[in-house]
Amino acid sequence: MNQFHRLLLAPAIFGVVLPTLATPETAVANEISSLNGREAINNYMEQQEIDELKAWRSRNQVTSVNQFSDVRPTDWAYQALTNLVEKYGCVAGYPNGTYKGGQAMTRFEAAALLNACLDRVTEVTDELQRLMEEFKKELTVLKGRVDGLEAKVGSLEAQQFSTTTKLKGEVNFILGGVPDYNSDTKVGTPPVAVGRQDRATFNYDLRLNLDTSFTGKDLLRTRLRSGNFTAFSPFNAGDSLFKLDKASSTNAGASGVGGIDTLSIDRLYYQFPVGKQFTLTAGALVRNTEILAFIPTAYRSQLLDFFAVAGTPGAYNKVTGQGFGAVWKQQVAKGKGFWNASLNYIAQDGEISNEGIFDSDGSLNTTAQIGYKAPNWGAAIAYRNGTTGTRTINANGKANSNLSSGQSSNSFSVAGYWQPLESGIIPSISAGYGFTDISGGVAGAADSQSWYVGLQWDDAFVRGNIAGVAIGQNPSAGSGVDDPLSLELFYKFQVTDNISITPGLFYITNSSNQVNDKDLWGGVIQTQFRF
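These figures come from a predicted structure and were not determined experimentally. The residue numbers shown here count from 1 along each chain, following its written sequence. With pLDDT at 70 or above as the cut-off, local features in this predicted model cover only qualifying residues; side-chain atom pairs require 80 or more to be listed or tallied, and sums for whole chains, interfaces and linings still use all residues. Water and hydrogen atoms were dropped before computing side-chain values, which therefore reflect all heavy atoms in the structure.

**Student:** Whenever I open this one, the overall build of the protein chain confuses me. Can you help?
**Tutor:** In terms of regular secondary structure, the protein chain is built from seven helices and 18 strands. Accessibility here uses a 1.4 Å probe with only protein chains present; expressed as a share of the type maximum, an area under 20% marks a residue as buried, one over 50% as exposed, and anything in between as partly exposed. Per-residue burial for the protein chain yields a buried fraction of 39% across its 531 residues. For the protein chain, long-range pairs separated by at least 24 residues make up 58% of all intrachain contacts whose partners lie at least 6 apart in sequence. Accessible areas in this description were obtained via Shrake-Rupley with a 1.4 Å probe; residue shielding takes into account the shown protein chains only. Carbon together with sulfur atoms contributes 59% to the accessible area of the protein chain, which is approximately 29700 Å² in total. Numbering goes from the N terminus for both helices and strands, where a helix is a DSSP run of H or I of at least four residues and a strand is a run of E of at least two. By definition, residues are in contact when any of their heavy atoms lie within 4.5 Å.

**Student:** Just checking my understanding: could you explain the pairing of strand β11 (residues 377-386) for this structure?
**Tutor:** Successive residues of a regular strand alternate their side chains across the two faces of the sheet. The alternating pattern of β11 places G378, A380, A382, R384 and G386 on a buried face and W377, A379, I381, Y383 and N385 on a face that is not buried. Two strands form a pair only when DSSP identifies at least two bridges running between them. Relative to β11, strand β10 (residues 364-373) runs antiparallel, the two being bridged by nine bridges. If you follow G371 over to β11, its bridge partner there is A380. Where β11 lies against strand β12 (residues 408-418), 10 bridges are found, and the strand directions are antiparallel. Note that in β12 the partner of I381 across the bridge is V414.

**Student:** What exactly am I supposed to notice about the pairing of strand β14 (residues 448-458) here?
**Tutor:** Note that strand β13 (residues 428-439) and β14 share nine bridges and pair antiparallel. Bridge pairing in β14 links Y433 to W451. Summarising the sheet, β14 and strand β15 (residues 466-476) pair through nine bridges and their orientation is antiparallel. Following the sheet pairing, Q456 is matched in β15 by G468.

**Student:** When you look at empty space enclosed by the protein in this model, what are you seeing that I'm missing?
**Tutor:** With a probe scaled to a water molecule rolled over the atoms, the places where space remains empty come into view. The definitions used throughout rest on a 1 Å grid laid over the protein atoms alone, on which a cavity is an enclosed set of points accommodating a 1.4 Å probe that cannot get out and a pocket is an open set flanked by protein within 12 Å on both sides along at least five of seven lines; lining residues are those having an atom within 4 Å of a point. Grid points are joined across faces, edges and corners, and a volume is the space filled by probe spheres set on the points. With the rule as written, the count across this model stands at two cavities of 30 Å³ or more. Estimated volume of the largest cavity: approximately 60 Å³. The wall of the largest cavity is formed by 14 residues, among which G314, G434, F435, T436 and S450 lie closest to the centre. Counting only elements with at least two residues in the lining of the largest cavity, the list comes to β12, β13 and β14. Approximately 40 Å³ is the volume found for the second largest cavity.

**Student:** Which parts of the structure should I look at to understand the packing of aromatic side chains?
**Tutor:** Each aromatic ring pair is described using two quantities: the centre-to-centre distance and the angle formed by the ring planes. Stacked, tilted and edge-to-face are the three classes applied to pairs of Phe, Tyr and Trp rings, where Trp contributes its six-membered ring and a pair requires centres within 6.5 Å; stacked means planes under 30 degrees apart, edge-to-face means over 60, and tilted covers the rest. Tallied over the full model, the rule gives 15 aromatic pairs. Ring pairs connect the aromatic residues Y299, F306, F307, Y452 and F490, which therefore count as one cluster.

**Student:** Can you help me understand the environment of G283 in this one?
**Tutor:** Locating G283 in the fold gives a position in strand β7 (residues 278-287). Remark: the alpha-carbon pair of G283 and G325, spanning 42 residues in sequence, is separated by 9.3 Å. Once you skip the residues sitting within four places of it in the chain, G283 turns out to touch L268, Y269, G321, Q322 and G323.

**Student:** Got a minute to help me understand the nonpolar core in this structure?
**Tutor:** Buried together is how nonpolar side chains tend to be arranged in soluble globular proteins. Among the nonpolar cores identified, the biggest contains 24 residues, and V178, F235, F242, L244, F307, F506 and V524 are the most heavily contacted of them. Contact partners of F307, with chain neighbours within four places excluded, come to Y299, Y452, A470, I471, G472, S486 and E488. Formed by 17 residues, the second largest nonpolar core is a distinct cluster that contains F294, I346, A380 and A382. Only buried residues count toward a nonpolar core. Its members are Ala, Val, Leu, Ile, Met, Phe, Trp, Tyr and Cys residues joined through side-chain atoms within 4.5 Å.

**Student:** I keep staring at the side chain of N376 and nothing clicks. Help me out?
**Tutor:** Counting through the fold element by element, N376 comes out in the loop between β10 and β11. Every residue in contact with N376, bar those within four places of it in the chain, is listed here: Y417, W418, Q419 and L421.

**Student:** Sorry if this is basic, but what is going on with the pattern of salt bridges here?
**Tutor:** Any two side chains of opposite charge can pair if their charged atoms end up close together. Should a side-chain nitrogen of Lys or Arg be within 4 Å of a carboxyl oxygen of Asp or Glu, the pair is scored as a salt bridge. Counting across every chain of the model gives 14 salt bridges. Between R267 and E290 there is a salt bridge; the shortest N-O distance is 3.0 Å. Pair noted here: R267 is in strand β6 (residues 264-274) and E290 is in the loop between β7 and α7 (305-308), with a separation of 23 residues, a long-range link. When its relative accessible area of 1% is taken as the criterion, R267 is described as buried. The exposure class of E290 is partly exposed, given its relative accessible area of 27%. In this structure, the salt-bridge partner of R463 is D459, at a minimum N-O distance of 3.9 Å.

In structure tokens, the structure reads:
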């Protein structure tokens, strides 16, 4: 019987039957008879059907998909049915405890299921609405903050100088000195005294990196640098055993003795990936140690330059010039150890047209490295070949700082480190050994060897602070030359995420910078700002 027939018969039925009944249904009949019009009666009956459906669903609603005897975990729709039953509670089975999932569904059954699930969604929506009303004030404050943040972001995007370039900076203030260091050094013709070098000085080293990326994976780096260390400072002189890692000179004075500090381009190179395992680098100003997979050391005081290159400055000589290189890293799961290999070629004087980037007189450096890096240890072997004019760290500073005419060098390095997985009383241990063989020429640099051992404690006394000690033999020619030993102690205070203060003490025996190779000590307080 359709809805239209119901409406036609309802008045007759109600008129004949209802007056004779004395049951609870009498109240229902009276309620219906009080309705005025077919539409009201129709709405009433539809509501009754809905109430009956909800009552039936409540009696037959299941709370777990396991209540259906014919539903198994191997069924393709098992997970979807589980969500509907246990999460939304809008599925009922048949009275015999079955679901009959393979049976076709009528449009009426589909409508009933959809209606039940929509009722549950409405209930959840009502709960969310109540929560929104309860936390209305907090949400208003949060919305205001988000709006303010969006406005600031919009302002930054409108005012930024580039959409592809980020500025990263580092400034180092260095207060320190080396008592009893040479005080009679003279330069020029006729020689002119440059003053005493045993006084405490206060210098700076500034580095500004402009990092540009066009794809999100490549890097065009332009680095600007300035520093007021003189060329004859114990902390910057090329042959000084006290040379610091963070000491540069961009002094415009003659021979770097004094003058106006300038800002110069210190790096200019481009790196980009090729596939998932290779990274290529090419640049007009690039350093060989920056085209390596890693430097095999966990000792990072950032003080004496000798310890910054794993105690093997022959192979890792930090030469800068024109060149290119490639780094390969084995592709492994995150957190796993991987093999790596690096190869680079740097010409110190490759920009000079009468020498050129491929001429043997252009101070050529070819460096190769093979290593393995695990989560808490690493090791590598390295080799570097140098030609005439190449910068080299010579035996105890007694030879020229560069290879003389006709000379070539072959430098080897074996270095590695281990560090505990968690910081504590056990320090990280780093060690390295290097050897340099010089051939050709009649005078100049000599064969040498070096080694070092470094210990470093992370989170020393206070989380974020670092303490360390290192000892090593600087490049020494051995026979006929006293071996210089360097000792370094440091403690790094991490004041904030961007500011650190590092006091350091040094003691070096048989320093070749002095008459009679006497022992010297020195110290610095290095304050670093990063932004």
